[in-house]
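Descriptive analysis of the structure
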Amino acid sequence: MPSIAEALAKRAGKATSTGVAKGTGTREARPSGGLFSSSTVWRSRVSWRIAATMFMTILLVRTSVLNFGLLAGYEQERLDVLARQAQIALGSIIEIADFEGASPFDPEHIERLIRTSSVLGLDVYSHKYELLASYGSAPKLQALFGQLDNTYRSADGVIYETIFKGVEIQSPYIVVVKLNSSAINDEVHSFLLQNILVMVLVSLLVTFILMIVIGKWLIEPLLFMRANLVAAFKNPESPNISKSPYSVHDEIGATIELTQKLIEQNAENLIHIKSTAEDKIHRLAYYDSLTGLPNRALFISKLSENARVTYDDKVERFAVVTVDLDHFKDINDSMGHNVGDAILRSVGRKLRSALPESAMVSRTGEDEFALMLPLRTGSMTPREVAERVIGVIRNDPFKVFNEEFQVRASVGVSTYPDDGVEPDLVLKNADIALNRAKEEGRDRIKEYSEDFDRAVQVRFQMLRDLRDALEHGELDLYFQPQVDLKSGKIIGAEALLRWWKPDNSKEGGVFISPAQFIPVAEQSGLIVPIGEWVMRKAVMVGMQLQEEHDIFMRLAINVSGNQFSQSDLVGFVRGLLAETGFDPKYLEMEVTESVFMHDIEHTVKVLQDLHALGVELAIDDFGTGYSSLSYLSQFPIDRLKIDQSFIRNALNDAENASIARTIINLGHSLNLKVIAEGVETKAHEEFLVRQGCDEVQGYRYCKPVPVDRLVEFVKAYNGKLESFGE
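Criteria and thresholds
Residues numbered from 1 in each chain as written. Predicted model: local features only at pLDDT ≥ 70, side-chain atom pairs only at ≥ 80, totals over all residues. Heavy atoms only, no water. Helix = DSSP H or I, 4+ residues; strand = E, 2+ residues; numbered from the N terminus. Expected span 1.5 Å × (residues − 1). Buried < 20%, exposed > 50% of the residue type's maximum accessible area, 1.4 Å probe, protein only. Axes fitted to C-alpha atoms, helices over the stretch in contact; angles between N-to-C directions. Parallel < 35°, antiparallel > 145°, perpendicular 65-115°, else oblique. Contact = heavy atoms within 4.5 Å. Nonpolar A, V, L, I, M, F, W, Y, C, P; charged D, E, K, R; others polar. Polar contact = N/O pair within 3.5 Å; in protein donor to acceptor, adjacent residues only side chain to side chain. Salt bridge = Lys/Arg side-chain N within 4 Å of Asp/Glu carboxyl O.

Here's the deal with helix α10 (residues 337-354)
Between its first and last C-alpha atoms α10 spans 25 Å; for 18 residues at 1.5 Å apiece the expected length is 26 Å, and the two agree. Taken together, the buried positions of α10 are occupied by Val339, Gly340, Ala342, Ile343, Leu344, Ser346, Val347, Gly348 and Leu351.

Some words on the packing of helix α13 (residues 450-472) against helix α14 (residues 514-524)
Relative orientation and spacing of two packed helices are given, respectively, by the angle between their axes and the distance between those axes. For the pair α13 and α14, interaxial distance at closest approach is 10 Å and the crossing angle is 85°. Relative to α14, the element α13 lies roughly perpendicular. Contacts between α13 and α14 involve Arg459, Met462, Leu463 and Leu466 on the former and, on the latter, Gln516, Phe517, Val520, Ala521, Gln523 and Ser524. For the contact of α13 with α14, the per-class residue count stands at 6 nonpolar, 3 polar and 1 charged.

Structural notes on the environment of Phe328
Mapping Phe328 onto the fold places it in helix α9 (residues 328-335). In sequence terms Phe328 and Arg408 are 80 residues apart; their C-alpha atoms lie 8.8 Å from each other. If we ignore the near neighbours within four places in the chain, the residues touching Phe328 are Gly340, Ile343, Leu344 and Asp367.

Remarks on the environment of Tyr701
As for its placement among the helices and strands, Tyr701 is situated in the loop between β21 (695-697) and α22 (707-716). You can call Tyr701 buried: its relative accessible area is 4%. Separated by 24 residues in the primary sequence, Tyr701 and Gly725 place their C-alpha atoms 9.6 Å from one another. Contacts of Tyr701, omitting those with residues within four sequence positions, involve Val483, Leu485, Val679, Glu685, Val696, Phe713, Leu721 and Phe724. A distance of 2.8 Å separates the side chain of Tyr701 from the side chain of Glu685, its partner in a polar contact.

So, the pattern of salt bridges
In this structure the tally under the stated criterion is 34 salt bridges. As a salt-bridge pair, Lys682 and Glu685 come within 3.4 Å of each other at their nearest N and O atoms. Residue Lys682 and its partner Glu685 are both found in helix α21 (residues 682-691); the two are separated by 3 residues, about one turn of the helix. Given the relative accessible area of 17%, Lys682 is considered buried. Through salt bridges that share partners, Arg436, Glu439, Glu440, Lys446 and Arg459 make up one connected network.

Some details on the environment of Arg349
Mapped onto the elements, Arg349 comes out in helix α10. Overall, Arg349 belongs to the exposed group, its relative accessible area being 55%. Here the alpha-carbon distance between Arg349 and Val361, two residues 12 residues apart in the chain, equals 9.5 Å.

Some thoughts on unusual backbone geometry
For the bond running from Tyr416 to Pro417, omega is 0°, close enough to zero to count as cis. Mapped onto the elements, Pro417 comes out in the loop between β11 (409-416) and α12 (423-439). The residue Asp443 is not glycine, and still its phi comes out positive at about 55°. Mapping Asp443 onto the fold places it in the loop between α12 and β12 (445-447). Take Asp443: its relative accessible area is 25%, and that puts it in the partly exposed class.

In structure tokens:
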């Protein structure tokens, strides 16, 4: 016959099999429909935690009851039985004494009682509490008035003492009895073990029954809900969940029903969000958020589609036009990005409305647009498309916030397949033509020519060679002395960059003009490391002049605008001076005034920090800019340098002479030194002396020379301007 545990296990197994068979195969738990929950319930950690908690709680309660009442009561009950037995035994042998003061017991009877019962000894008292006799082992208790109900139990539980009053033994005597209670300890221990066993079995039974109920009404629904949540987690957009078999009229069934609805609602929301997100991602990926026009990625994609032909197809020509708004950064910097954004949106709308429906207009950069238009028979030529584009931008001012802005644009044009059979190449060639338009003065149209491409290749090759030159030490500094007109002394020299490029010619190499490689370095950003090399080299030369030749003169270095905006110029100069120990008063930095106009606040801060280091500052090519005068008082400048074009033409052109005179007077009014470059003749020198110019440099005195020839020139010079002749 199977045990109860085996029967329960078999029944639980049947419940599990039934639940799996009725499910879809993807559920973790299903209602069993039987008396017992499925095996999944019993495998649940929560189930076992609940079972353990209930079992321990029931066991603790019953243990507390046993410890605090039942056990003590049982022990007292057994002691009372022991005492009654002794009472009956004493009552059967007690005899009334013949005279007062005599013991009522026969010593032989007492001795037999001690041998055959649990009585170990006794004391007999009269009704007046007088000790009449003692037998066997003397008790510790005494019969005292008011204390006849006292009992005594030894610490080890072996001895139990009690007092029998006269009425209890039907005599006028009081008897204190000492009993052997060691057997009671064994009885209590046996009673305790039996109760613990009963408690454990009852606790297990109650726990098992509670688990069946909790599993049916709580755990199974929770596992059912968990299985649906897992299914929703694995496939949130299309969750494979089953309809709830639980009644919605109780809290758990209602919660499961609400969970089902939330899962379905979440699936619908995810599908909607995904669809919306895909649309938004597509727009973000292929459309410009500001103008709503296609972006560069979509433009190239459409360009590729139009250029994709088969052998049987006739090639369709189309024009690609790239547009760059001239000096658009100035609008953003001066008027703010809100104005700039409004102009960009307006440009996009105008271009779209001015061109045929077949044209594609896109925004490909911050201030750049690209257009593509099929060139069908009778339609516009590429040039006409470009002229319409530039006309749309030129003709009408753009009105933003009640202000009008006249915008200009540079335009580049290329044609497919004339200027390339690859879409990227056609667009690249249009960009090359656009760059040529910007180089030639902006606000114009340039159609692509192969010569443009060759020029780009030449420039790219020069950039590569220039990088190699910087790495391989092909760059050098030449120096052109600067002379004080009043004292005739050589007070400084301008450091000028030179590039000797080695080759296989008879001369072994050739000098590359700064006019060729400096613009390339500026556009590529290579001017920053080159500028740092120039500063370090100039400082080394200055220290060499002082230490080896006792020549102390100011060395002037040209600083590029990119060094102001793209590098930590102040930090580099500070570190260089600290590293070398070079006196900063012998170092001058020349900055062209066009550099100041890009960011006045930043420029002023950099100049102030440089001046605080002790470095002298000069404005180079002064007079060629257009807006420095209003800011000149803010700059911590030591010197104005008149551009050589004014000096060269001052003798033959009254306007140039007037400009040179005005610059000298302006510099002196601001307590600045004025130096003129490009002095080539005695007449130039005399003109500048008459105007009160402070310092000069030019071919009249010395051409730019290497440092060794500079030393020779300084040592050979006698300090008199007349020594340079006519």
